[in-house]
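Below are the chains, spelled out letter by letter.
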Amino acid sequence: TNQKLKLEKEATISVKEVVRDERTHKILGAIAVLVSIFLFIAFTSYLFTWENDQSLVFRSGKSIFSGDGIKVHNLLGVLGAYTSYSLIDSGFGIASYLISSFFFVLGINLLFEKKVFNTGRNIRYVIGGLLIFSLTLAFIFQNSSFSWGGAVGNMMSGWLIKIIGNWGTGILLVLVFGSYFIWQFNP
């Protein structure tokens, strides 16, 4: 009854094996799709709650996560309000929805372990779209209290208006938007 317990030999797994494992791809794909859904819901909620949430996030900054008594109205709570404010108001405006589409494309490709969508092309479209749509929305809605083009769009629009005026900026945007449409959809 004095049996010696045999120690099981511990298997060694390399990082390379973990990265190549299909389960890792599926987990990362599911996470990316969830991030996409989170961003979409947070952004959409922000469209309706921005007046309330914007001032709270602006005043509190990162301390909004630890502050007691702070009540945001975003459907996804403080994280949703903070993320939306950061990407919409301080970032690219409504064009931030394109970031959600990037995570969706990445997630679907990882989940199905094949190129359902072309990720490289999607990245180019997202980067181009972020700049073009934020600039266009900022120019069109210059006097709006909601930041349709975000801080980036407002900065680019203000710079272009200063350099080539309202008419020049409008004409340039029609040309750029038309080029982007041809580039993306190849009619």
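Please read these numbers as outputs of a predicted model, since none were measured by experiment.

**Student:** Please set out the side chain of Ser-45 residue by residue, giving values where relevant.
**Tutor:** On the secondary structure map, Ser-45 appears in helix α2 (residues 22-60). With a relative accessible area of 6%, Ser-45 lands in the buried category. Among all residues touching Ser-45, those that are not within four sequence positions of it are His-73, Asn-74 and Leu-75.

**Student:** Tell me about the confidence of the model for the chain, residues and numbers included.
**Tutor:** Put simply, the chain has an average pLDDT of 86, and 88% of its residues get 70 or more. Helix α1 (residues 15-20) is the least confidently modelled element of the chain, averaging 65 in pLDDT, while helix α4 (residues 97-112) averages 92, the highest of any element.

**Student:** Please give an account of a nonpolar patch on the surface that cites residues and values.
**Tutor:** Judged by side-chain polarity, Leu-34, Ile-37, Phe-40, Ile-41 and Leu-75 come together as a nonpolar surface patch covering roughly 510 Å² of accessible area. Along the chain, the position of Ile-37 falls in helix α2. Residue class for Ile-37 comes out partly exposed when judged on its relative accessible area of 41%.

**Student:** Run through the environment of Lys-115, naming residues and quoting values.
**Tutor:** Considering the arrangement of structural elements, one finds Lys-115 in the loop between α4 and α5 (119-140). Judged by its relative accessible area of 63%, Lys-115 is exposed. In this structure the C-alpha to C-alpha distance between Lys-115 and Val-105, which are ten residues apart in sequence, comes to 9.3 Å.

**Student:** Explain the packing of α2 against helix α3 (residues 77-92) to me, and be specific about the residues and the numbers.
**Tutor:** The N-to-C vectors of α2 and α3 enclose an angle of 90°; their axes lie 7 Å apart at closest approach. Considering their axes alone, α2 and α3 lie roughly perpendicular with respect to each other. Across the interface between the two elements, Phe-38, Leu-39, Ala-42, Phe-43, Tyr-46, Asp-53, Gln-54, Val-57 and Phe-58 of α2 pack against Leu-79, Gly-80, Ala-81, Tyr-82, Thr-83, Ser-84, Tyr-85, Leu-87, Ile-88 and Asp-89 of α3. Classifying every residue of the contact of α2 with α3 by side-chain character gives 13 nonpolar, four polar and two charged.

**Student:** Explain the side chain of Thr-83 to me, and be specific about the residues and the numbers.
**Tutor:** By the element assignment, Thr-83 lies in helix α3. In terms of polar contacts, Thr-83 uses its side chain to reach the backbone carbonyl oxygen of Leu-79, at 2.7 Å. Not counting residues up to four positions away in its chain, the partners in contact with Thr-83 are Phe-38, Leu-39 and Phe-43.

Quick notes on the rules
- Per chain, the residues get numbers from 1 upward, laid out in the order the sequence is written.
- With pLDDT at 70 or above as the cut-off, local features in this predicted model cover only qualifying residues; side-chain atom pairs require 80 or more to be listed or tallied, and sums for whole chains, interfaces and linings still use all residues.
- Heavy atoms throughout the structure, all of them, feed into the side-chain values; hydrogens and water do not.
- Counting from the N terminus, the helices are DSSP H or I runs at least four residues long and the strands are E runs at least two residues long.
- When accessible area is computed with a 1.4 Å probe and restricted to protein chains, residues below 20% of their type maximum are described as buried, those above 50% as exposed, and intermediate ones as partly exposed.
- We call two residues contacting when some pair of their heavy atoms lies within 4.5 Å.
- pLDDT is a per-residue confidence score from the predictor, ranging from 0 to 100.
- Here a patch means residues that are over 30% exposed by relative accessible area and free of salt bridges, tied together within 9 Å if like-charged and within 5 Å if nonpolar (Val, Leu, Ile, Met, Phe, Trp, Tyr).
- Here the accessible surface of atoms and residues is derived via Shrake-Rupley with a 1.4 Å probe, and residues count as covered only by protein chains that are part of the display.
- Think of a salt bridge as a Lys or Arg side-chain nitrogen and an Asp or Glu carboxyl oxygen that are within 4 Å of each other.
- Angular values range over 0 to 180 degrees, each being the angle between N-to-C directions of two axes fitted as lines to C-alpha atoms, with helices fitted over their stretch in contact.
- Any angle from 65 to 115 degrees is called roughly perpendicular, while one under 35 is roughly parallel, one over 145 is roughly antiparallel, and all others are oblique.
- Ten residue types, Ala, Val, Leu, Ile, Met, Phe, Trp, Tyr, Cys and Pro, are classed as nonpolar, four, Asp, Glu, Lys and Arg, as charged, and the remainder, Gly among them, as polar.
- In protein, a polar contact requires one atom able to donate a hydrogen and another able to accept it; more generally it is a pair of N or O atoms within 3.5 Å, and residues adjacent in sequence count only if both atoms are side-chain atoms.

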